[in-house]
Amino acid sequence: METTAQASDKRNPQRPLPVRQKRSWTTRIKKDRWLYVLLLPGLLYFLVFKYLPMWGVLIAFQNFQPFLGFWESSWVGLDHFRNFFGNPDFVRLLRNTFILAVYDLVFFFPAPIIVALLLNEIRVGIFKRFVQTMVYVPHFISMVIVASMTYVFLTTQGGVLHDLIQQLTGRSFNFLADPDWFRPLIILQIMWKETGWGTIIFLAALASVDVEQYEAAVVDGASRFQRLWHVTLPAISGVISILLILRLGNFLDNGFEQIFLMTNSLNRTVADVFDTYVYFVGITQGAFSYSTAIGLFKSLVGIVLIFGSNYLAKRMGKEGLY
Amino acid sequence: MHSRHDTLGERVFDVANYLFLTIFACVTVLPFVYIVAGSFTTEAELAARDFFIIPKDYSIAAYQYIFSSSTIFRSIGVSIFITVVGTITNLAFTLTMAYSLSRKDLMGRNTIMNLVIFSMLFSGGMIPTYLVVKELGMIDSYAAVILPGAISAFNLIVIKNFFQNLPPGLEESARIDGCTELGVLWRIVLPLSKPIIATFGLFYAVGHWNNFFSALLYLNDHLKWPLQVVLREMVMLSQLAVGDMSNMDPNFVRPPDQAVKMAVIVVGTVPILMLYPFLQKHFAKGMLLGSIKG
């Protein structure tokens, strides 16, 4: 900016510098005025619905009263954070969130990779496309419907899957209310819904593998399993590590809607995670400041995780994501 | 199909692989088939039979029952309204902002891009956003389920990058011919971007149709609830007394709860399944677009 001003100043020595700068600033805006008009709705959106709430997290340090408003409410410093960290609920939430995230990483994360590798071994094109068409369907179905179907299938009052399992084992499991079944159900639901869809990105990476590599491996006498191990897997290892980093970056984001829908009064002890707890305490019970403090804590941990995992990626010699 | 080099182990693997993938495909689809079958049958059959995909006794009582009052019709209307208006809003906000940000010479562009990216990393969270919506007086209005999500920062960035990669020659010649920026966007850029607009329009539309939580959060008036919220009330909280049997045949027996729930699930699923061919095509494309450039 400054260098261009100086350069033009040398070319036009008569012209006084400040006026020149001002004119170029206004002419640029004038020239692009329609672009700014187009920009305005989007910019307003971000300011009102993204940045105003960011400023609003300050109520975490207040005793916010809706009838007093932001300016009249009293400031309480870190009281809400202290209360939260001293509350037994804090340990429970941390535990529940963490265990669900680990289950997700261990059971759900590898599932699309395995299915993609299996699909890649299929040599009958029409069968492959048929399977793909089928397994993508649940991705588009809403979480409400997934949870509703789970209820219909597993209810102790005539749920078909519940009855089948009862016939097989001779026992009646109350899957929907038993806290022991909450986490397996959440993971099974997400595996059912998203495994098929998750294969797309790996299949795309597999499609870009050079056929000559396979041919060379065949000439060298590699068996199919050796080809899988030495050609196919290295081809998708980059995608796998990027997705793993992304997953670690939002490790604490359990699927909010899903957990909210599957929570009931009998499984709250294991079902409550940070996000749903914020809803129950903030919206249902009206403790705005306290719940905002919990949300802020979670956001800050989230930022640390994102930058931490990105740093890790760069250290490992992978291209960073940001 | 089998090459001569296949060993016995590889053939066993092949058979197991086909079997596994067939089972996997069935597991994803059979629950829907059972729900559809169950919604068309009678209480006796539901109680007597285990898993079935073709009912023996056809009955449309469950559908007669759920459509006997206006609740389901109204919520479908609400969902369609939110989906249509919401998607148009999304596209209008996202495309205009993406276009102006795609112009590298725009003053302040970098600052605004940083604002957008930062909003992906940190958010005020549920409660402050709720309070902003409340302060704006939008509680119980459809604006509350449409405007707070008007732009997805991720979609915005992907579309902006797409606009940047359009050949610049056409836009410039239009500008030389005296086209304003609005004209360039409307006559040159948008027609060139039809596939990507379709993709992101579908992204947004499916999001609106499936959205449950904004409605729960911002719409207290149950007459304004979209289908997903009504569905949850009926199936998961068993609030099944939606039917209005006053106008019906006095011999009409209220269908079993399970069948009513299944019928509601079918009603909520069918629109998505009808769109599925488009969705499969465009979503896969959009997802790869995002993963490469985002």
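Please read all numbers here as calculations on a predicted model, not as lab measurements.

Asker: Describe the overall build of chain B, with residues and values.
Answerer: Secondary structure assignment for chain B yields 14 helices and zero strands. Listing each helix as α and each strand as β along chain B from the N terminus yields α-α-α-α-α-α-α-α-α-α-α-α-α-α. Buried residues in chain B amount to 36% of all 294 residues. Long-range pairs, those at least 24 residues apart, make up 72% of the contacts in chain B between residues at least 6 apart in sequence.

Asker: How would you explain the overall build of chain A if you had to name every residue and give the values?
Answerer: If you tally the helices and strands in chain A, you get 17 helices and two strands. Relative to a compact globule of 322 residues, whose C-alpha radius of gyration would be 20 Å, chain A shows 28 Å and is clearly more extended. Considered along the principal axes of its C-alpha atoms, chain A spans approximately 95 × 70 × 35 Å. Counting every position in chain A, which comprises 322 residues, the buried fraction comes to 31%. The long-range share in chain A, meaning contacts at least 24 apart out of those at least 6 apart in sequence, stands at 63%.

Asker: I'd like a rundown of the interface of chain A and chain B, residues and numbers included.
Answerer: In this assembly, 72 residues from chain A lie in contact with 73 residues from chain B. Broken down by class, the residue content of the side of chain A that touches chain B amounts to 51 nonpolar, 13 polar and eight charged.

Asker: Outline unusual backbone geometry, supporting the account with residue identities and numerical values.
Answerer: One non-glycine residue with positive phi stands out, namely D140 of chain B, at about 70°. Within the secondary structure, D140 of chain B sits in the loop between α6 (126-135) and α7 (143-146).

Asker: Talk me through the domain arrangement of chain B; I want residue IDs and the actual numbers.
Answerer: Residue and element names in this part refer to chain B. Segmenting chain B into domains produces domain 1 (1-59) and domain 2 (70-294). Each partner contributes residues to the interface: domain 1 has eight residues there, and domain 2 has nine residues. The dominant element in the side of domain 1 that touches domain 2, judged by the number of residues it contributes, is helix α1 (residues 8-39), at five residues.

Asker: Explain the domain arrangement of chain A residue by residue, including any values.
Answerer: Residues and elements named next belong to chain A. What the domain assignment lists for chain A is domain 1 (2-75) and domain 2 (80-315). Taking only C-alpha atoms into account, the centre of domain 1 sits 40 Å from that of domain 2. At the interface, six residues of domain 1 touch six residues of domain 2. Residue classes in the side of domain 1 that touches domain 2 are distributed as four nonpolar, two polar and no charged.

Asker: An account of helix α8 (residues 125-136) of chain A is requested, with residue identities and associated values reported.
Answerer: Between its first and last C-alpha atoms α8 of chain A spans 17 Å; for twelve residues at 1.5 Å apiece the expected length is 16 Å, and the two agree. For α8 of chain A, the set of buried residues is V131, Q132 and V135 of chain A. The arc that holds every buried residue of α8 of chain A, seen down its axis, measures 100°, which confines them to one face. Facing away from the buried side of α8 of chain A by more than 90 degrees, the exposed set consists of G125, I126 and R129 of chain A. Buried residues along α8 of chain A sit in contact with α7 (110-120) and α11 (179-207) of chain A together with α1 of chain B.

Asker: Can you explain the nonpolar core? Please cite residues and give values.
Answerer: In this structure, I159 and I265 of chain B are the most contacted members of the largest nonpolar core, which totals 108 residues. Not counting residues within four places of it along the chain, the set of residues in contact with I265 of chain B comprises I145, S148, M149 and V152 of chain A together with I35 and V235 of chain B. Among the nonpolar cores identified, the runner-up in size contains 13 residues, and A116, L119 and V131 of chain A together with L21 of chain B belong to it.

Asker: I'd like a rundown of the confidence of the model for chain A, residues and numbers included.
Answerer: With 91% of its residues at a pLDDT of at least 70, chain A reaches an overall mean of 86. Predicted confidence for residues 1-10 of chain A stays below pLDDT 50, and this span has six contacts to residues more than four positions away or in other chains.

Asker: How would you sum up the packing of helix α3 (residues 33-56) of chain A against α6 of chain B? Please name residues and give values.
Answerer: Interaxial distance between α3 of chain A and α6 of chain B falls to 8 Å at its minimum, and their mutual angle equals 115°. Regarding α3 of chain A and α6 of chain B, the two cross each other, and that crossing is right-handed. Between α3 of chain A and α6 of chain B, the residues in contact are V48, F49, L52, P53 and G56 of chain A and P128, T129, L131 and V132 of chain B, respectively. For the contact of α3 of chain A with α6 of chain B, the per-class residue count stands at seven nonpolar, two polar and no charged.

Asker: Summarise the environment of P138 of chain A; cite the residues concerned and give the values.
Answerer: Among the structural elements, P138 of chain A can be located in the loop between α8 and α9 (143-154). Considering only alpha carbons, one finds P138 of chain A and F70 of chain A, 68 residues apart in sequence, at a separation of 43 Å. When near neighbours in sequence (up to four residues on either side) are disregarded, P138 of chain A contacts W192, K193 and G196 of chain A together with T28 of chain B.

Asker: So what about the packing of α3 of chain A against helix α10 (residues 181-192) of chain B? Which residues, and what values?
Answerer: Interaxial distance between α3 of chain A and α10 of chain B falls to 8 Å at its minimum, and their mutual angle equals 65°. Contacts between α3 of chain A and α10 of chain B involve W34, L35 and L38 of chain A from the former and E181, L182 and L185 of chain B from the latter. Its residues assigned to classes, the contact of α3 of chain A with α10 of chain B shows five nonpolar, no polar and one charged.

Asker: Describe in detail the environment of P53 of chain A, supporting the description with residues and values.
Answerer: Note on placement: P53 of chain A falls in helix α3. Judged by local crowding, P53 of chain A falls into the buried class, with 23 C-beta atoms found within 10 Å. Setting aside residues up to four positions removed in sequence, P53 of chain A forms contacts with S123, G124, G125, P128, T129 and V132 of chain B.

Here is what the cut-offs are and how they apply
Residues numbered from 1 in each chain as written. Chains lettered and ligands numbered in written order. Predicted model: local features only at pLDDT ≥ 70, side-chain atom pairs only at ≥ 80, totals over all residues. Helix = DSSP H or I, 4+ residues; strand = E, 2+ residues; numbered from the N terminus. Buried ≥ 20, exposed ≤ 12 C-beta atoms within 10 Å, placed from the backbone. Contact = placed C-beta atoms within 7 Å. Rg over C-alpha atoms; globule rule 2.2 N^0.38 Å. Nonpolar A, V, L, I, M, F, W, Y, C, P; charged D, E, K, R; others polar. Domains from an automatic or database assignment. Expected span 1.5 Å × (residues − 1). Arc of directions from axis to C-beta. Core = buried A, V, L, I, M, F, W, Y, C linked by C-beta atoms within 7 Å. pLDDT = per-residue confidence, 0-100. Axes fitted to C-alpha atoms, helices over the stretch in contact; angles between N-to-C directions. Left-handed = near helix turned anticlockwise from the far one by under 90°.

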